[in-house]
Amino acid sequence: MASPNSTFTELVSTTFRNHRKELADNVSKNNALYNALTKGGRIDILDGGISIAVPLEYANNATYQRYSGYDVLNIQASDVISAAEFQWKQVAVNVVASGLELRNNSGKSQIIKLAKARIKNAMHSFANGMSADLYSDGTATNQIGGLQAIVADAGTGTVGGIDSSSFTFWQNQVQSAAAPIQGGASITPSATTIESLMLPLYISLTRGSDQPDLIVMSNDYFTFYEQSQTSIKRYTDAEKADGGFISMKYKGANVVFDGGSLGGGIPNSHAYFLNTDYLGLSVHRDANMTEIPELRAVNQDAVVIPVLWQGNLVCSNRSLQGVMKA
């Protein structure tokens, strides 16, 4: 007869093997930004590398010229491509059960319930932690660089190894209610003023067909925006979006809220205008919420099954990302 330990381990392993996409979907549904990146195909699966190198264009090709007939063409090499370098960050969540729990739940139905409960708890824990990290400034030990780093309130900072004070093309756009980019006096965010803050930022982030496709707002800003749309509200279809989030529209962008104590962790009085063509998650193929064989402590009566994730939030164009703040 199989021991409770081996039965528990096999149940957890089988669940992860057979329902990996479902488990990942449940995590993404806890966070509007994570969900948008996942559903939009902005998860890049990598097979290795010391770090994550993201190619980017930082200058125009200087050989562009107008010419006539036999004019000599400019064939001088142009240095137009560089790369941002993001470090791997690692996350682990452990499915744990003590020997006492395993023996007390050794019946078939009981051990299945225990395994399901532990997996559910582990995934909720992963979702909540990743939600907070995606909006972080990346200063906590081993933390990914979240939106507060990539789309910084000051618009500057070193991201991906590039100092935006020295290379201004690498600065993100900032719309401050205290000092609006369109000039003039400060604006107090409200239902009647929120769009006067949104439009200048949206315009500054539009470059031909490149424009924000996702606006993530704190609860207070989303409330102002919805109230401003009293007679012309435009909601997206949560079922068609296959994400579970009811969102509104601004121009061509989905507008969602992701704040509050039960939300994704976005700071209060913030809205991030994102172009996800240039923003995404890079994840290692061997640590993409991947379960590894059980580990047993030599000095404890318990079984531990780690679930690992390795990656980072990366960006290839900060100038097309913007933040709106108080």
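Just above, that's the structure.
Residues numbered from 1 in each chain as written. Predicted model: local features only at pLDDT ≥ 70, side-chain atom pairs only at ≥ 80, totals over all residues. Heavy atoms only, no water.

**Student:** What is the right way to look at the environment of Gln65 in this model?
**Tutor:** Examined against the element boundaries, Gln65 turns out to sit in the loop between strand 2 (52-57) and strand 3 (81-86). In this structure Gln65 touches Val72, Leu73 and Asn74, once residues within four positions along its chain are discounted. There is a polar contact of 2.5 Å between the side chain of Gln65 and the backbone nitrogen of Asn74. (Helix = DSSP H or I, 4+ residues; strand = E, 2+ residues; numbered from the N terminus. Contact = heavy atoms within 4.5 Å. Polar contact = N/O pair within 3.5 Å; in protein donor to acceptor, adjacent residues only side chain to side chain.)

**Student:** In this structure, what is going on with the side chain of Arg318? I would like to understand it.
**Tutor:** Locating Arg318 in the fold gives a position in the loop between strand 14 (302-315) and strand 15 (322-325). In this structure Arg318 is buried but unpaired, with Asp163 as the nearest side chain of opposite charge at 7.6 Å. From its side chain, Arg318 meets the backbone oxygen of Thr156 in a polar contact 3.0 Å long. For Arg318, the contacting residues outside a window of four places in its chain are Ala149, Ile150, Ala152, Gly155, Thr156, Gly157, Val159, Ser164, Trp170, Gln171, Asn172 and Gln173. (Buried < 20%, exposed > 50% of the residue type's maximum accessible area, 1.4 Å probe, protein only. Lys, Arg positive; Asp, Glu negative; His and termini not counted. Salt bridge = Lys/Arg side-chain N within 4 Å of Asp/Glu carboxyl O.)

**Student:** Sorry, what's going on with helix 8 (residues 219-228) here?
**Tutor:** Along an α-helix, residues three or four positions apart point the same way, because every turn accommodates 3.6 residues. Among all positions of helix 8, only Tyr221, Phe222 and Tyr225 are buried. Taken down its axis, helix 8 places every buried residue within 100 degrees of arc, on the same side. Buried residues belonging to helix 8 abut helix 7 (194-204), strand 8 (214-217), strand 9 (248-250), strand 10 (253-257), strand 11 (270-274) and strand 15. (Arc of directions from axis to C-beta.)

**Student:** How should the nonpolar core be read in this particular structure?
**Tutor:** General note: in soluble globular proteins, nonpolar side chains tend to be found buried as a group. Ranked by internal contacts, the top residues of the largest apolar core, which has 44 residues, are Leu147 and Leu274. The next biggest cluster of nonpolar side chains, apart from the first, holds 20 residues, and it includes Leu201, Tyr225, Val255 and Phe273. (Core = buried A, V, L, I, M, F, W, Y, C linked by side-chain atoms within 4.5 Å.)

**Student:** Hey, could you run me through the pattern of salt bridges in this one?
**Tutor:** Side chains bearing opposite charge may pair, as long as their charged atoms lie close to each other. Across all of its chains, the model carries 5 salt bridges by this definition. Salt-bridge contacts for Arg103 lead to Asp301; the nearest nitrogen and oxygen are separated by 2.5 Å. You can see Arg103 sitting in helix 4 (residues 99-104) and its partner Asp301 sitting in the loop between strand 13 (295-296) and strand 14, a full 198 residues away along the chain.

**Student:** What is the right way to look at helix 5 (residues 108-134) in this model?
**Tutor:** Under the 1.5 Å per step criterion, the end-to-end length of helix 5 is 39 Å for 27 residues, consistent within 8% with the ideal 39 Å. Those residues of helix 5 not exposed but buried are Ile111, Leu114, Ala115, Ile119, Ala122, Met123, Phe126, Ala127, Met130, Ser131, Asp133 and Leu134. (Expected span 1.5 Å × (residues − 1).)

**Student:** I'm lost on the pairing of strand 15 in this one. Help?
**Tutor:** Every regular strand shows the same layout, with side chains that alternate between the two sheet faces. Burial along strand 15 is two-sided: Gly322 and Met324 and Val323 and Lys325, pointing in opposite directions, are all buried. By the bridge criterion, 4 bridges tie strand 7 (residues 173-176) to strand 15 in an arrangement that is parallel. Residue pairing for strand 15: Ser176 is matched across the bridge by Lys325. The sheet contact formed by strand 11 and strand 15 spans 4 bridges and is antiparallel. If you follow His270 over to strand 15, its bridge partner there is Lys325. (Pairing = 2+ DSSP bridges.)

**Student:** Quick question: what am I supposed to make of the sheet that holds strand 9 here?
**Tutor:** Note: strands within a sheet are paired through backbone hydrogen bonds, in either parallel or antiparallel orientation. Overall, mixed pairing links the 6 strands, which are arranged 7-15-11-8-10-9 in an open sheet. The sheet terminates laterally at strand 7 and strand 9, the two strands that pair on one side only. Neighbour to neighbour, the strand axes of the sheet diverge by 20 degrees on average, direction disregarded. Here 4 bridges tie strand 8 to strand 11, and the two strands are oriented antiparallel to one another. Following the sheet pairing, Val216 is matched in strand 11 by Tyr272. (Axes fitted to C-alpha atoms, helices over the stretch in contact; angles between N-to-C directions.)

**Student:** Can you walk me through unusual backbone geometry in this structure?
**Tutor:** Glycine aside, negative phi is the norm for most residues, and most peptide bonds take the trans geometry. Not every positive phi belongs to a glycine, and Asn142 is a case in point at roughly 65 degrees. Position of Asn142 relative to the elements: it lies in the loop between helix 5 and helix 6 (147-150). At Lys251, a position not held by glycine, the phi torsion is positive, near 55 degrees. As for its position among the elements, Lys251 is in the loop between strand 9 and strand 10.

**Student:** Is there a simple way to think about the packing of aromatic side chains in this case?
**Tutor:** Each aromatic ring pair is summarised here by two numbers: the centre-to-centre distance and the angle between the ring planes. A full pass over the atoms with the stated rule returns 7 aromatic pairs. Seen in terms of ring centroids, Phe169 and Trp170 are 6.2 Å apart; in terms of plane orientation they differ by 55 degrees. Their pairing is tilted. A centroid spacing of 6.0 Å and a plane angle of 80 degrees characterise the contact between Tyr225 and Tyr250, whose relative ring orientation is edge-to-face. You can see Tyr225 sitting in helix 8 and its partner Tyr250 sitting in strand 9, a full 25 residues away along the chain. The pair formed by Tyr225 and Tyr250 is uniform in burial state, with each residue classed as buried. (Phe/Tyr/Trp six-rings, centres within 6.5 Å; stacked < 30°, edge-to-face > 60°.)

**Student:** Can you walk me through a nonpolar patch on the surface in this structure?
**Tutor:** On the surface, Tyr67, Leu73 and Ile75 cluster together into a nonpolar patch covering about 380 Å² of accessible area. You can see Tyr67 is positioned in the loop between strand 2 and strand 3. Judged by its relative accessible area of 52%, Tyr67 falls in the exposed class. (Patch = residues over 30% accessible without salt bridge, like charges linked within 9 Å, V, L, I, M, F, W, Y side chains within 5 Å. Areas by Shrake-Rupley, 256 points an atom, 1.4 Å probe, with all protein chains shown as cover.)

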